[in-house]
Amino acid sequence: LPEPVRGGSLDGLRELINLSEEDYRLAIGWVVAAYFTGIPHPILLVQGEQGTAKSNLIRSLLALVDPQPGAERTPPKDQREWAIFARASWAFSFDNVTEIPGWLSNALCKGVTGDAVLQRALHSDEDIMVFAFQRVMAITTIAIRHDLAGDLADRMLLAEPEVLEKRLTEA
């Protein structure tokens, strides 16, 4: 990695992020916090209408934290898939979420504060595997169709992108 140099600027990044100044500061705080391990991390909830480049925004922010293919994921369908998804990378997002089932709401809360999922090892009833993790997460949505559980809402930072008048290429 390059050696950090004092006196740098985020001006170049600011030009690419279509958030109000207040939401931009929240998003940058989320990115900075992601570099600290062993602490609970808020879930960045990016909510906005179609055409606000929510997915591109999250993809850009995640690339600063944990560049990887497949950082944007479809929400898991069960606890086992959740454990596999959560262990696969340090930071990730669930893209275009419209509903959060109760079990996933609880899993998200535990996932940012620290969680362990026990699974039976394949081909054995006696051996147990423990998947332990604490992760950095984001969610994009146009709208979630129901109220969020209070404990999940307490763990979220809401950022609402502005509608783009001119789209840039991803490059």
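The model shown is predicted, which means the values in this text are computed figures rather than measured ones.

Here is what the cut-offs are and how they apply
Residues numbered from 1 in each chain as written. Predicted model: local features only at pLDDT ≥ 70, side-chain atom pairs only at ≥ 80, totals over all residues. Heavy atoms only, no water. Core = buried A, V, L, I, M, F, W, Y, C linked by side-chain atoms within 4.5 Å. Buried < 20%, exposed > 50% of the residue type's maximum accessible area, 1.4 Å probe, protein only. Helix = DSSP H or I, 4+ residues; strand = E, 2+ residues; numbered from the N terminus. Contact = heavy atoms within 4.5 Å. Pairing = 2+ DSSP bridges. Axes fitted to C-alpha atoms, helices over the stretch in contact; angles between N-to-C directions. Expected span 1.5 Å × (residues − 1). Phe/Tyr/Trp six-rings, centres within 6.5 Å; stacked < 30°, edge-to-face > 60°. Lys NZ or Arg CZ within 6 Å of the ring centre and 35° of its normal.

Colleague: Kindly report on the nonpolar core, identifying the contributing residues and their values.
Modeller: Here is a general trend for soluble globular proteins: nonpolar side chains tend to be buried in one another's company. Residues Ile43, Trp82, Ile100, Leu108 and Ile139 are the most contacted members of the largest nonpolar core, which totals 22 residues. Of all the secondary-structure elements, those providing two or more residues to this core are β1 (43-47), α4 (79-88), β3 (91-94), α5 (102-113), β5 (128-133) and β6 (136-141). Contact partners of Trp82, with chain neighbours within four places excluded, come to Pro76, Phe92, Phe94, Trp103, Leu104, Ala107, Leu108, Gly111, Asp115, Val117, Phe133 and Met137. Counting residues in each nonpolar core, the second largest holds 21 residues, with Ile28, Leu44, Leu62 and Ala71 among its members.

Colleague: With reference to specific residues and values, describe the environment of Gln47.
Modeller: Relative to the helices and strands, Gln47 is located in strand β1. For Gln47, a relative accessible area of 24% gives the class partly exposed. For Gln47, the contacting residues outside a window of four places in its chain are Lys54, Thr141, Ile142, Leu158, Ala159, Glu160 and Pro161.

Colleague: Hey, could you go over the sheet that holds β3 for me, with residue numbers and the actual values?
Modeller: Taken in spatial order, the 5 strands line up as β2-β3-β6-β1-β7 in an open sheet, and their pairing is parallel. Two strands close off the open sheet at either side, each with one partner strand: β2 (72-73) and β7 (156-159). In this structure, β1 lies alongside β7, joined through 4 bridges in parallel fashion. From the neighbouring strand, Leu45 faces β7, where its bridge partner is Leu158. The strands that helix α2 (residues 21-34) touches are β1, β6 and β7; relative to β7, the one it contacts most, it runs at about 140°.

Colleague: Go over α5 with me, naming the residues and quoting the values.
Modeller: In this model, α5 (12 residues) spans 17 Å end to end at C-alpha, consistent with the 16 Å of a helix rising 1.5 Å per residue. Listed as buried for α5 are Leu104, Ser105, Ala107, Leu108, Cys109, Gly111 and Val112. Note on α5: the residue one or two positions beyond its end, Gly114, has a positive phi of about 130°.

Colleague: How would you sum up the packing of aromatic side chains? Please name residues and give values.
Modeller: Enumeration according to the criterion identifies 4 aromatic pairs in this entry. The interplanar angle of 50° and the centroid separation of 6.3 Å between the aromatic rings of Trp82 and Phe94 together place this pair among those described as tilted. Of this pair, Trp82 sits in helix α4 while Phe94 sits in strand β3, placing them 12 residues apart in sequence. In terms of burial, Trp82 and Phe94 fall into one category: buried. The ring of Tyr24 has Arg14 sitting right over it, with the charged end atom 4.3 Å from the ring centre.

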